Amino acid sequence: MATTITSNKVSVDVTLPPVNSVVLSASPTTINGSGTVTFTATVTGGSDVPIPNVSVSFYNNSGSTLQGTATTDSSGVATFSYTYNLQGVSGTDAWDAVASGVTSSPVYITLNAVTYTFNLVINGVSSGTVDVTEGTSFTAAATLTSGEFNTSGVQITLTDLTTGTTYTATTDSSGTATYTITISQTGTYVFQASYTLS
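Residues numbered from 1 in each chain as written. Predicted model: local features only at pLDDT ≥ 70, side-chain atom pairs only at ≥ 80, totals over all residues. Heavy atoms only, no water.

A. Geometry of the nonpolar core. Core analysis: the largest hydrophobic core is formed by 25 residues, its most contacted members being Phe-39, Phe-58 and Ile-109. With residues near it in sequence (within four places) discarded, Ile-109 still touches Ala-26, Pro-28, Thr-29, Ile-31, Val-37, Phe-39, Tyr-84, Gly-91, Thr-92, Asp-93 and Trp-95. With 16 residues, the next largest nonpolar core counts Ile-122, Val-154, Leu-158 and Ile-183 among its residues. (Core = buried A, V, L, I, M, F, W, Y, C linked by side-chain atoms within 4.5 Å. Buried < 20%, exposed > 50% of the residue type's maximum accessible area, 1.4 Å probe, protein only. Contact = heavy atoms within 4.5 Å.)

B. Highlighting unusual backbone geometry. Looking along the chain, the bond that leaves Ser-27 and enters Pro-28 is cis, with omega of -5 degrees. By the secondary structure assignment, Pro-28 is in the loop between β1 (21–27) and β2 (30–32). Phi angles above zero are rare outside glycine, and Asp-48 is one such case at about 60 degrees. Examined against the element boundaries, Asp-48 turns out to sit in the loop between β3 (34–44) and β4 (55–60). One non-glycine residue, Asn-123, lies in positive phi territory at about 50 degrees. Mapped onto the elements of the fold, Asn-123 is located in the loop between β10 (116–122) and β11 (137–146). (Helix = DSSP H or I, 4+ residues; strand = E, 2+ residues; numbered from the N terminus.)

C. Just the environment of Thr-178, in detail. Assignment of secondary structure puts Thr-178 in strand β14 (residues 176–182). Using a relative accessible area of 49% as the deciding quantity, one classes Thr-178 as partly exposed. Residues Thr-178 and Ala-141, 37 residues apart in the sequence, show an inter-C-alpha distance of 4.5 Å. Leaving out residues up to four positions away in the same chain, Thr-178 has contacts with Thr-139, Ala-140, Ala-141 and Ala-169.

D. Representation of the sheet that holds β3 within the structure. The three strands are arranged β1-β3-β6 in an open sheet whose pairing can be described as antiparallel. With partners counted over all chains shown, the strands left at the sheet margins are β1 and β6 (77–85), one partner each. For this sheet, the mean angle separating the axes of adjacent strands, direction not counted, is 20 degrees. Across seven bridges, β1 lies against β3 in antiparallel orientation. Within β3, the position partnered with Ala-26 by the bridge is Phe-39. (Pairing = 2+ DSSP bridges. Axes fitted to C-alpha atoms, helices over the stretch in contact; angles between N-to-C directions.)

E. Looking closely at the packing of aromatic side chains. This structure, assessed with the given rule, holds six aromatic pairs. Aromatic rings pair up to connect Phe-39, Phe-58, Phe-80, Tyr-82, Tyr-84 and Trp-95 into one cluster. (Phe/Tyr/Trp six-rings, centres within 6.5 Å; stacked < 30°, edge-to-face > 60°.)

F. Up close: the side chain of Thr-72. With respect to the helices, strands and loops of the structure, Thr-72 is situated in the loop between β5 (65–71) and β6. Take Thr-72: its relative accessible area is 3%, and that puts it in the buried class. A distance of 2.8 Å separates a polar atom in the side chain of Thr-72 from the backbone oxygen of Ile-51. Excluding residues that lie within four positions of it along the chain, Thr-72 makes contacts with Val-43, Ile-51, Pro-52, Asn-53, Val-54, Val-56, Val-77 and Ala-78. (Polar contact = N/O pair within 3.5 Å; in protein donor to acceptor, adjacent residues only side chain to side chain.)

G. How the structure looks around the sheet that holds strand β13 (residues 166–170). Strand order in this open sheet of three strands is β13-β12-β15, and the pairing throughout is antiparallel. In this open sheet, the two edge strands, each paired with only one partner strand, are β13 and β15 (191–194). If you compare each strand with its neighbour and ignore which way they point, the axes differ by 25 degrees on average. Bridge count for strand β12 (residues 155–160) against β13 is five bridges, and the pairing is antiparallel. Within β13, the position partnered with Leu-158 by the bridge is Tyr-167.

H. Structural detail: the environment of Tyr-179. Take Tyr-179: it is sitting in strand β14. Linking Tyr-179 and Ala-140, residues 39 residues apart in sequence, is a C-alpha distance of 5.1 Å. In this view, Tyr-179 contacts Phe-138, Thr-139, Ala-140, Ala-142, Ile-156, Thr-157, Leu-158, Tyr-167, Thr-168 and Ala-169; residues no more than four positions away in its chain are not counted. Polar side-chain contacts of Tyr-179 include one of 2.8 Å to the backbone oxygen of Ile-156.

Quick look at the structure:
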């Protein structure tokens, strides 16, 4: 009768290699006015083996500000989205991704600020003084245009700087807000339109 003799048991634990590479990409890499950038970090170990279930941190301002984290999928890929709303800001924003202490090379996002043109016309006049008769209504039109934004449907405030009186109107499809104003007392009144960037 045959007898089977067995040895002691030895376990083999198969693990993924340590992270040795984080490659960061972004789309788009230029923002005009406002928009969302999607960042993709690919995390690999030795022999370019993808590493799943690794937490990736996404930093901007040259690695000084943590904006969010994401976990790699089965392909070793983690994605993160960031939305810019640029009001008067231009320049370059450098982003890094960090996983298990390994930092990617930076990716640079070019930022182009919003530009506006704002013009106020009263009874067809945009500069100087307009003569109107006491108690007679006049028309003011404030036109806001931008190369980056649709300026229709925004609220424009017209202020009588002499009395502090304000009027509000919403721009039409051309970015123009129209006001009909009547002043019942003689004098010189100075008007200015304003739009609050949000």
